[in-house]
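# Descriptive structure summary
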Amino acid sequence: MTRGRPGQPRRWKERRHVSDTKARTAEQIEADIAATRERLASTVDELVDRANPKNVALRQVEQARSQVFDEQGQLRTQKIVAVAGAVVGVVGVLLVIRRLVGRR
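Let us look at the structure shown here.

A separate point is the pattern of salt bridges. Side-chain pairs of opposite charge can arise whenever the charged atoms involved come near each other. Taken as a whole and judged by the stated rule, the model has three salt bridges. Between Arg-24 and Asp-32 there is a salt bridge, with the nearest N and O atoms lying 2.1 Å from each other. Taking the relative accessible area as the measure of exposure, Arg-24 reaches 36% and is therefore partly exposed. For Asp-32, a relative accessible area of 28% puts it in the partly exposed group. With a shortest N-O distance of 2.7 Å, Glu-46 and Arg-50 are connected by a salt bridge. Here the residue Glu-46 and the residue Arg-50 both occupy positions in helix H1 (residues 26-51), the gap between them amounting to four residues, near one helical turn.

Calculation notes
Residues numbered from 1 in each chain as written. Predicted model: local features only at pLDDT ≥ 70, side-chain atom pairs only at ≥ 80, totals over all residues. Heavy atoms only, no water. Salt bridge = Lys/Arg side-chain N within 4 Å of Asp/Glu carboxyl O. Buried < 20%, exposed > 50% of the residue type's maximum accessible area, 1.4 Å probe, protein only. Helix = DSSP H or I, 4+ residues; strand = E, 2+ residues; numbered from the N terminus.

Below is the structure:
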């Protein structure tokens, strides 16, 4: 059986082994091949969509927005203040280091 992602339902049936099945007709085999081909095409289309640079950028923008805005569209002020404080702290440390290095 093929495995899906953790937490995702398994979408593929167990593989049939020749010893486990009765003789199949050509039509049954062709139907299985067509179904497999359709699943493969769907999977490829999904992968192409996921890998599309425009879609990747849109997902990144949405992820960034979710960090700044809550579900109701309100700013998450605590996160903004924390990030701003971190930026000010880093800039302050860089300025102190620059001053110390410049004295030599």
